[in-house]
Amino acid sequence: MATGNGHDPVHLFVERMALTFAEVGFPRMAARVLFTVMSADDPLTAAEIGERLGVSAAAVSGAVRYLTQFGMLIREPVPRSRRDRYRMPDDPWYEATITKTAIYKTFIDTAAGGVVALGGPERPAGERVAEMRDFFIFVQEEIDSLGERWRLRRAATGHLRPGEA
């Protein structure tokens, strides 16, 4: 259990992973919250997350909002309370990476309109935007394929939970 003690192995894991994620552009507090919840055996309230991190529950608020938007955390109400608990979804990396790809469809559609607006792919600007569109089509196709391969690997490595198939 993380205590906020800088020498606690769980706390060190949380801080190291948060720093690693922050180095690639992930908000640092969101990363700290994510790995605090990931390292807990049971769902945590914002106050419990804050206690483990040594920050106020208010400091946790924006991070949990960010993480729930991306499917990295699930918010559950505490019975007979105004508080919520936060937990990881069953497969957060899949949820955040594979299932949230509608943005690529938006990129593709917008870029296709841009190719037309720029006079078609025969013009230099139109060709650049057409290549961007084609790249996002490729990415979308690869992500779909990657999702299927992940489901197979997940099953093969025993990461499925009871009732999943």
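The rules we used
Residues numbered from 1 in each chain as written. Predicted model: local features only at pLDDT ≥ 70, side-chain atom pairs only at ≥ 80, totals over all residues. Heavy atoms only, no water. Helix = DSSP H or I, 4+ residues; strand = E, 2+ residues; numbered from the N terminus. Expected span 1.5 Å × (residues − 1). Buried < 20%, exposed > 50% of the residue type's maximum accessible area, 1.4 Å probe, protein only. Core = buried A, V, L, I, M, F, W, Y, C linked by side-chain atoms within 4.5 Å. Contact = heavy atoms within 4.5 Å. Pairing = 2+ DSSP bridges. Phe/Tyr/Trp six-rings, centres within 6.5 Å; stacked < 30°, edge-to-face > 60°. Salt bridge = Lys/Arg side-chain N within 4 Å of Asp/Glu carboxyl O.

## Here's the deal with helix 7 (residues 124–156)
- Compared with the 48 Å implied by 1.5 Å per residue over 33 residues, the 47 Å span of helix 7 between its first and last C-alpha is a close match.
- Three or more residues of helix 7 are buried, namely Gly-126, Val-129, Ala-130, Phe-136, Val-139, Gln-140, Ile-143, Gly-147 and Arg-154.
- Once helix 7 finishes, Gly-158 follows within two positions and takes phi at roughly 80°, a positive value.

## Re the nonpolar core
- In this structure, Val-33, Leu-34, Val-37, Ile-49, Val-64, Leu-67 and Leu-73 are the most contacted members of the largest nonpolar core, which totals 22 residues.
- Those elements that provide at least two residues to this core are helix 1 (9–23), helix 2 (28–38), helix 3 (46–53) and helix 4 (57–69).
- The element contributing the most residues to this core is helix 2, with six residues.
- Not counting the four nearest positions on each side in its chain, Ile-49 is found in contact with Val-33, Thr-36, Val-37, Leu-44, Val-60, Val-64 and Tyr-86.
- Among the nonpolar cores identified, the runner-up in size contains five residues, and Tyr-104, Ile-108, Phe-136 and Ile-143 belong to it.

## Structural notes on the sheet that holds strand 1 (residues 44–45)
- Ordered by their spatial adjacency, three strands build an open sheet running 1-3-2, and the pairing between neighbours is antiparallel. Each edge of the open sheet is held by one strand with a lone partner, namely strand 1 and strand 2 (74–77).
- Pairing of strand 1 with strand 3 (residues 84–87), which is carried by two bridges, proceeds in the antiparallel orientation. Across the sheet, Thr-45 pairs through a bridge with Arg-85, a residue of strand 3.

## So, the packing of aromatic side chains
- Inspection of the entire model under this criterion finds nine aromatic pairs.
- A centroid spacing of 4.9 Å and a plane angle of 50° characterise the contact between Tyr-66 and Phe-70, whose relative ring orientation is tilted.
- When the ring of Phe-107 is compared with that of Phe-136, the centres are 4.8 Å apart and the planes differ by 50°; the resulting orientation is tilted. On the criterion of sequence distance, the pair formed by Phe-107 in helix 6 (residues 102–117) and Phe-136 in helix 7 is long-range, its members being 29 residues apart.
- Ring pairs connect the aromatic residues Phe-13, Phe-21, Phe-26, Phe-35, Tyr-66 and Phe-70, which therefore count as one cluster.

## Describing the environment of Ile-49
- Here Ile-49 is to be found in helix 3.
- Ile-49 sits in the buried class, given a relative accessible area of 0%.

## As for unusual backbone geometry
- In this structure, Arg-80 takes a positive phi of about 55° despite not being glycine.
- The residue Arg-80 is located in the loop between strand 2 and strand 3 in this model.
- Exposure remark for Arg-80: the relative accessible area of 85% places this residue in the exposed category.

## Side note on the pattern of salt bridges
- Enumeration over the complete set of coordinates arrives at seven salt bridges.
- A salt bridge links Arg-28 to Glu-15, with the shortest nitrogen-to-oxygen separation between them at 3.9 Å. Of this pair, Arg-28 sits in helix 2 while Glu-15 sits in helix 1, and the two are 13 residues apart along the sequence.
- Relative accessible area serves as the criterion here: at 43%, Arg-28 is assigned to the partly exposed category.
- For Glu-15, a relative accessible area of 16% puts it in the buried group.
- Three or more residues are tied together by salt bridges with common partners; here these are Glu-15, Arg-28 and Arg-32.

Purely spatial values, then, with no claim about function.
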